[in-house]
Amino acid sequence: DLASEKCLRDIPTHVLKRLTPNTRACVERLRTCQLDRPDLSRQPTSKLAAVLVLLYEQAGELRVLLTTRSKSLRAHPGQTALPGGKADKGDESLVWTALREANEEVGLPLPPTSSNIHFITTLPPFLSASQLLVTPVVVLLSSPLPLVPSSPSSLTLEGTSNASSNIPPNTSSHPVLSSLTPSLTEVDRIFDHPLEAMLDPRLLLSKGEPLVDVGEDWPYGAGDVYHPSDVRLDAFDGLIYRMHRFRTCASPIKGLTADILITVAELAYGHKPIYGRYPSDPSSGSSPEDADLEGGSYQALVRRRMEENERAFAVAVEKGEQT
């Protein structure tokens, strides 16, 4: 991807050598994964979006940067999100869209200001409930200094939260992360989460991760760290959709954000989650015709939306309309 090379540097050998063997193996799997990335050049810009999956190593494990959206926003208020948003016509690529949005939302330095942000890969687009094709851009944040082993902690630093919290602030070991500031209008909180826990949520308990108390953000059992449910979504043409919910130190990871991070974790660690990812088993309550074996029904839906968008785009171009 030439556009990504313009925006971000590749991962230097000395950065890879500094990672623990397990993290280095995860990054290499992501870098070399063979994915069917569709051509999005015939999609209307208004239907495209991108999110930044920013990974970094702390205490020997990969963690991912997340935000809690402002409760004053009209769309998905108070929900967990990856930094990102809709593409602008001036964006040179979806990689730049993700970086630009992360800069606006949390103050992540744009290249070439920060030489510590390295491109790993992009994933095929996911479909949001609002019918946007969302491209995840996966990057690695390298440390300018050798990481000092410490207990994994939330990035809810003093000055990185616009909302009150019962969780005491912690200090990040990375100067770039420590400098992040949430947008007053878009983000209530910046935090992080262990990537591997997207495949096995029980790791949150065994590793002593700080978890939000039972209440508004986690209205489930005190001992629960994962809560799925299956729903039929009109926005997905009546497809049975499994809503994954993961407990965190802040707002839960669910919906599209969960789907993206599960995929990233599967690719990075090379195995599937301990739970059923798709509503394809009898225990899901769905009928056999609703079974979504390995996400095939969802992938077919994404392809269908892309074809519909392409037809609409072709008509608009023929009429000379803006898209």
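How each quantity is defined
Residues numbered from 1 in each chain as written. Predicted model: local features only at pLDDT ≥ 70, side-chain atom pairs only at ≥ 80, totals over all residues. Heavy atoms only, no water. Helix = DSSP H or I, 4+ residues; strand = E, 2+ residues; numbered from the N terminus. Expected span 1.5 Å × (residues − 1). Buried < 20%, exposed > 50% of the residue type's maximum accessible area, 1.4 Å probe, protein only. 1 Å grid on protein atoms, 1.4 Å probe; cavity = no way out; pocket = protein on both sides within 12 Å on 5 of 7 lines; lining within 4 Å. Points joined across faces, edges and corners; volume = space filled by probe spheres on them. Nonpolar A, V, L, I, M, F, W, Y, C, P; charged D, E, K, R; others polar. Polar contact = N/O pair within 3.5 Å; in protein donor to acceptor, adjacent residues only side chain to side chain. Contact = heavy atoms within 4.5 Å. Phe/Tyr/Trp six-rings, centres within 6.5 Å; stacked < 30°, edge-to-face > 60°. Salt bridge = Lys/Arg side-chain N within 4 Å of Asp/Glu carboxyl O. Axes fitted to C-alpha atoms, helices over the stretch in contact; angles between N-to-C directions. Parallel < 35°, antiparallel > 145°, perpendicular 65-115°, else oblique. Left-handed = near helix turned anticlockwise from the far one by under 90°.

(A) Spotlight on helix 7 (residues 255–269). Between the first and last C-alpha of helix 7 there are 21 Å, a value that for 15 residues agrees with the 21 Å anticipated at 1.5 Å per step. Along helix 7, 13 of the 15 residues are buried, which leaves the element largely enclosed by surrounding structure. Taken from the residues just after helix 7, Gly270 is the one with a positive phi, measuring 75°.

(B) Examining empty space enclosed by the protein more closely. Per the stated rule, a full pass over the model turns up one cavity of 30 Å³ or more. Of the voids in this model, the largest cavity is the one considered here, and its volume is about 40 Å³. In terms of lining, the largest cavity is formed by Arg63, Asp192, His193, Pro194, Leu204, Glu209, Pro210, Thr248 and Cys249. Ranked by the residues each element gives to the lining of the largest cavity, the list is headed by strand 8 (residues 187–194), at three residues. Partitioned by chemical class, the residues of the lining of the largest cavity number four nonpolar, two polar and three charged.

(C) Geometry of the side chain of Arg277. Positionally, Arg277 belongs in the loop between helix 7 and helix 8 (296–319). Side chain to side chain, Arg277 and Glu266 meet in a polar contact 2.9 Å long. Setting aside residues up to four positions removed in sequence, Arg277 forms contacts with Phe126, Arg242, His244, Asp259, Ile262, Thr263 and Glu266.

(D) A look at the packing of aromatic side chains. Within the structure shown, the criterion is met by six aromatic pairs. Arranged with centres 5.2 Å apart and planes meeting at 45°, the rings of Tyr226 and Phe246 form a pair that is tilted. Here the residue Tyr226 occupies a position in the loop between helix 6 (203–206) and strand 9 (229–233), and Phe246 occupies one in strand 11 (residues 245–246), the gap between them amounting to 20 residues. Tyr226 sits in the buried class, given a relative accessible area of 18%. Ring centres 4.6 Å apart and planes at 25° place the aromatic pair Tyr226 and Tyr275 in the stacked group. Taken together, the positions of Tyr226 in the loop between helix 6 and strand 9 and Tyr275 in the loop between helix 7 and helix 8 put the pair 49 residues apart, joining distant regions of the chain.

(E) Broad picture of the pattern of salt bridges. For the structure on display, the rule yields 19 salt bridges. Close ionic contact of Arg31 with Asp10 constitutes a salt bridge, the shortest N to O distance being 3.2 Å. Pair noted here: Arg31 is in helix 3 (residues 21–32) and Asp10 is in the loop between helix 1 (2–7) and helix 2 (13–18), with a separation of 21 residues, a long-range link. In this structure Arg31 comes out as partly exposed when scored by relative accessible area, which is 26%. One salt bridge connects Arg100 with Asp88, and the closest N-O pair in it is separated by 3.4 Å. Residue Arg100 is found in helix 4 (residues 94–106), and its partner Asp88 is found in the loop between strand 4 (84–86) and helix 4; the two are separated by twelve residues along the sequence. Connected through shared salt-bridge partners, Glu61, Arg63, Asp192, Lys207 and Glu209 make up one network.

(F) Structural view of the environment of Leu195. Mapped onto the elements, Leu195 comes out in the loop between strand 8 and helix 6. Using a relative accessible area of 0% as the deciding quantity, one classes Leu195 as buried. Between the C-alpha atoms of Leu195 and Leu261, which are 66 residues apart in sequence, the distance is 7.4 Å.

(G) Structural context of the side chain of Glu209. With respect to the element layout, Glu209 can be found in the loop between helix 6 and strand 9. A polar contact is formed between the side chain of Glu209 and the side chain of Arg63, at a distance of 2.8 Å.

(H) Local environment of the packing of helix 3 against helix 7. Remark: helix 3 packs on helix 7, axes separated minimally by 7 Å, with the N-to-C direction vectors making an angle of 110°. Taken together, the axes of helix 3 and helix 7 are roughly perpendicular relative to one another. Between helix 3 and helix 7 the crossing geometry is right-handed. Along the contact surface, helix 3 presents Asn22, Ala25, Cys26, Arg29 and Leu30, while helix 7 presents Val264, Leu267, Ala268 and Tyr269. A class-by-class count of the residues in the contact of helix 3 with helix 7 yields seven nonpolar, one polar and one charged.

(I) Broad picture of the environment of Ala25. On the secondary structure map, Ala25 appears in helix 3. The exposure class assigned to Ala25 is partly exposed, which follows from its relative accessible area of 27%. Here the alpha-carbon distance between Ala25 and Gly270, two residues 245 residues apart in the chain, equals 9.6 Å.

(J) Representation of unusual backbone geometry within the structure. In the Ramachandran plot, Ala59 falls in the positive-phi region, its phi being about 55° despite a non-glycine side chain. If you trace the backbone, Ala59 turns up in the loop between strand 1 (48–58) and strand 2 (61–69). Taking relative accessible area as the criterion, Ala59 reaches 37% and is therefore assigned partly exposed. At Gln131, a position not held by glycine, the phi torsion is positive, near 70°. Locating Gln131 in the fold gives a position in the loop between strand 6 (126–127) and strand 7 (133–141). Take Gln131: its relative accessible area is 19%, and that puts it in the buried class.

Purely spatial values, then, with no claim about function.
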